[in-house]
Amino acid sequence: AQTVTQSQPEMSVQEAETVTLSCTYDTSESDYYLFWYKQPPSRQMILVIRQEAYKQQNATENRFSVNFQKAAKSFSLKISDSQLGDAAMYFCAYSPLGYGNKLVFGAGTILRVKS
Amino acid sequence: DTEVTQTPKHLVMGMTNKKSLKCEQHMGHRAMYWYKQKAKKPPELMFVYSYEKLSINESVPSRFSPECPNSSLLNLHLHALQPEDSALYLCASSQKPGDRGGNEQFFGPGTRLTVL
């Protein structure tokens, strides 16, 4: 069975600084998808970034980028120029290929941003 | 329209009540999901509907009964719930047929359920 591990229960970052959230996963599949979702307190879960395993290039979305190491099964999220609005719970998630498949979530990392 | 809507936002019910949660999307997605989320925990999958048919049931107790009347609408019927069922219930939808979207799921804002 696939598993996702986020080893950092909480992280803090100063406003305008850079922070990296860690995620490792376990799967025997060769093609799959990885996601980072953000859930602010009492607010909606939104997708931050997506990585397709067959693509070697790391995904980037504005201030958010990933370091995808397929052989190491590692998928970290880097947030540059951190803003107060980045404060949230961040979930790493794995999805196998196929339609209507479940997401396997990590336990989450609470990110606090200090002004 | 790129959103998933859920009603009601909040629901308080007694253990003998019957209530329903509603989820709607108009993105042409043909997979829809119900999740249960406890505070500071990841969402736990409950059900998946694919093309309006129940495709995954994660051994959810029968006091939770899902229904997918059409491709845009998903309901969760609740009956004889327990206090430990109090949680945030999230609905999500994903992908258009033939779209290699990687099963990216779009989440609704959730219904916060309290069982007394």
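Everything discussed here concerns the structure shown above.
All values reported here derive from a predicted model rather than from experimental measurement.

Draft legend 1. Region of the structure containing the state of the cysteines. Tallied over the full model, the rule gives two disulfides over all chains. Each sulfur of the disulfide joining Cys23(A) and Cys92(A) lies 2.0 Å from the other. Taking the torsion about the sulfur-sulfur bond, which here is approximately -70 degrees, the covalent link between Cys23(A) and Cys92(A) counts as left-handed. A residue pair is termed long-range when its members are at least 10 positions apart, and Cys23(A) in the loop between strand E3 (19–21) and strand E4 (24–26) and Cys92(A) in strand E10 (residues 88–96) qualify at 69 residues. One exposure class covers both Cys23(A) and Cys92(A), and it is buried. At a sulfur-sulfur separation of 1.9 Å, the disulfide partner of Cys23(B) is Cys91(B). Between Cys23(B) and Cys91(B), the S-S torsion sits near -70 degrees, and that sign places the bridge as left-handed. Here the residue Cys23(B) occupies a position in strand E3 (residues 18–25), and Cys91(B) occupies one in strand E9 (residues 87–94), the gap between them amounting to 68 residues. Judged by relative accessible area, Cys23(B) falls into the buried class, the value being 0%.

Draft legend 2. Geometry of the pattern of salt bridges. Tallied over the entire structure, the rule returns nine salt bridges over all chains. Across the pair Glu10(A) and Arg112(A) runs a salt bridge whose closest N-O atoms are separated by 3.1 Å. Of this pair, Glu10(A) sits in strand E2 (residues 10–14) while Arg112(A) is found in strand E12 (residues 109–114), placing the two residues 102 residues apart along the sequence. Among the residues examined, Glu10(A) registers a relative accessible area of 46% and is labelled partly exposed. A salt bridge links Glu58(B) to Lys102(A); its shortest N-O distance comes to 2.8 Å. With Glu58(B) in the loop between strand E6 (53–57) and strand E7 (64–70) and Lys102(A) in the loop between E10 and strand E11 (104–105), this pair bridges two chains.

Draft legend 3. Representation of the environment of Lys22(B) in the model. All names here are of chain B. Tracing the sequence through the fold places Lys-22 in strand E3. Exposure remark for Lys-22: the relative accessible area of 35% places this residue in the partly exposed category. Along the backbone, Lys-22 and Thr-111 are 89 residues apart, and their C-alpha atoms lie at a distance of 9.0 Å.

Draft legend 4. Main features of the pairing of strand E5 (residues 32–39) of chain A. All names here are of chain A. Judged by how many residues are buried, E5 sits mostly within the fold: eight of eight residues are covered. Side chains of E5 alternate between two faces, with Tyr-32, Leu-34, Trp-36 and Lys-38 and Tyr-33, Phe-35, Tyr-37 and Gln-39 buried alike. Summarising the sheet, E5 and E10 pair through eight bridges and their orientation is antiparallel. Within E10, the position partnered with Phe-35 by the bridge is Ala-93. In the sheet, E5 pairs with strand E6 (residues 46–52) via six bridges, with the strands oriented antiparallel. From the neighbouring strand, Trp-36 faces E6, where its bridge partner is Ile-49.

Calculation notes
Residues numbered from 1 in each chain as written. Chains lettered and ligands numbered in written order. Predicted model: local features only at pLDDT ≥ 70, side-chain atom pairs only at ≥ 80, totals over all residues. Heavy atoms only, no water. Disulfide = S-S within 2.5 Å. Helix = DSSP H or I, 4+ residues; strand = E, 2+ residues; numbered from the N terminus. Buried < 20%, exposed > 50% of the residue type's maximum accessible area, 1.4 Å probe, protein only. Salt bridge = Lys/Arg side-chain N within 4 Å of Asp/Glu carboxyl O. Pairing = 2+ DSSP bridges.

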